[in-house]
Amino acid sequence: FAVAADKRLGCVSSQVQRQAGLAAESRSLRDQLRVQSELVGRSQAIRRIADQSALVAATNATVLIRGETGSGKELVARALYQHSDRAQAPFIAVHCAAIPEPLLESELFGHERGAFTGAESRRIGRFEQADGGTLFLDEIGDLPLATQVKLLRVLQEKKVRGVGESTEVSVDVRILAATNRNVEEDVKAGKFRQDLYYRLNVIRVEVPPLRERREDIPELAEYFVRRCAAEHDKEIRGFTSDALRAMDSYAYPGNVRELENIIERAVALA
């Protein structure tokens, strides 16, 4: 009787494992399809990015997204955030190259009242604002070396100390970073800390320029024309064959952002 029971339990256990495996496979497929629907395009590069994003979205791994300006790095970051366990928590984006160096430390980590001229009240930095959620550091390759040291310390210890503050605050933040620079070359040139690079480059997602994925242009154009037509209250049915040929033959030095600009201008003037 004991042997028969063990066999039956073994069969049940195997069946449960198979069902669990099928359920996990089904969830993974659904995640891939959802990410694919948000990353517009049908190129192999977009499918690869969607598959990779679906695999790492639910983890807490730091992701470094690389690509030319305007190629869609923030869109990839938002897709990772929206399909993560932190999707209901804040998504805070910081453009590192757009903030003057003297203000960058305060922007990221906050400051105490009176810490410097003009600091009339305490300010909570972006790390604290993103606590429990995701912090997207765009153009992190332009981060000054002094700030790189402090960022590395925060990533290692998961604590921040604002400018002029004497105490540290624990933070639980997932980091997504993006850059249009060749960070490896910057590391060799001493412009970017090697230890910070390794800390950020846990998972790397490469976003190719639009000129290298031309099969995505028609779908992106249709997406933008529908959105812009709704925003401008225009009835636009689509593109002429000449317009599609013109879009396909252009190099797009400004990448997807430039295509969006072209479509919006065309819709506004139609």
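Presented here is an overview of the structure given in this document. (Residues numbered from 1 in each chain as written. Predicted model: local features only at pLDDT ≥ 70, side-chain atom pairs only at ≥ 80, totals over all residues. Heavy atoms only, no water.)

Turning our eyes to something else, we now look at the side chain of Ser-84. Looking at where Ser-84 falls in the secondary structure, it is placed in the loop between α3 (73-82) and β2 (91-95). Taking the relative accessible area as the measure of exposure, Ser-84 reaches 10% and is therefore buried. Other than its neighbours up to four places away in sequence, Ser-84 contacts Ala-57, Ala-58 and Arg-174. (Helix = DSSP H or I, 4+ residues; strand = E, 2+ residues; numbered from the N terminus. Buried < 20%, exposed > 50% of the residue type's maximum accessible area, 1.4 Å probe, protein only. Contact = heavy atoms within 4.5 Å.)

A separate point is the pairing of strand β5 (residues 134-138). With five of five residues buried, β5 lies mostly within the body of the structure. Of the two faces of β5, the one lined by Thr-134, Phe-136 and Asp-138 and the one lined by Leu-135 and Leu-137 are each fully buried. Where β2 lies against β5, five bridges are found, and the strand directions are parallel. Looking across to β5, one finds that Ile-92 is bridged to Leu-135. Two elements, β5 and strand β8 (residues 174-179), share four bridges in a ladder whose sense is parallel. Along β8, the bridge assignment pairs Thr-134 with Arg-174. (Pairing = 2+ DSSP bridges.)

With that out of the way, let us pick up the layout of surface pockets. Taken as a whole, the largest pocket spans an internal volume of roughly 580 Å³. Around the largest pocket, the lining comprises 25 residues; the ones closest to its centre are Gly-70, Ser-71, Gly-72, Leu-75 and Val-256. Breaking the lining of the largest pocket down by element, the ones donating at least two residues are α3, β5, α9 (217-231) and α11 (255-269). Class assignment for the residues of the lining of the largest pocket results in 11 nonpolar, five polar and nine charged. (1 Å grid on protein atoms, 1.4 Å probe; cavity = no way out; pocket = protein on both sides within 12 Å on 5 of 7 lines; lining within 4 Å. Points joined across faces, edges and corners; volume = space filled by probe spheres on them. Nonpolar A, V, L, I, M, F, W, Y, C, P; charged D, E, K, R; others polar.)

Attention now moves to the pairing of strand β1 (residues 63-67). Burial of β1 is extensive: five of the five residues sit out of reach of the surface. On β1, burial covers both faces: Val-63, Ile-65 and Gly-67 on one face and Leu-64 and Arg-66 on the other are all buried. Bridge analysis of β1 against β8 gives four bridges, and the strand direction is parallel. Directly across from Leu-64, in β8, lies its bridge partner Ala-177. Bridge analysis of β1 against strand β9 (residues 203-207) gives five bridges, and the strand direction is parallel. Across the sheet, residue Ile-65 finds its bridge partner in β9, namely Val-205.

In short, geometric facts, not functional conclusions.
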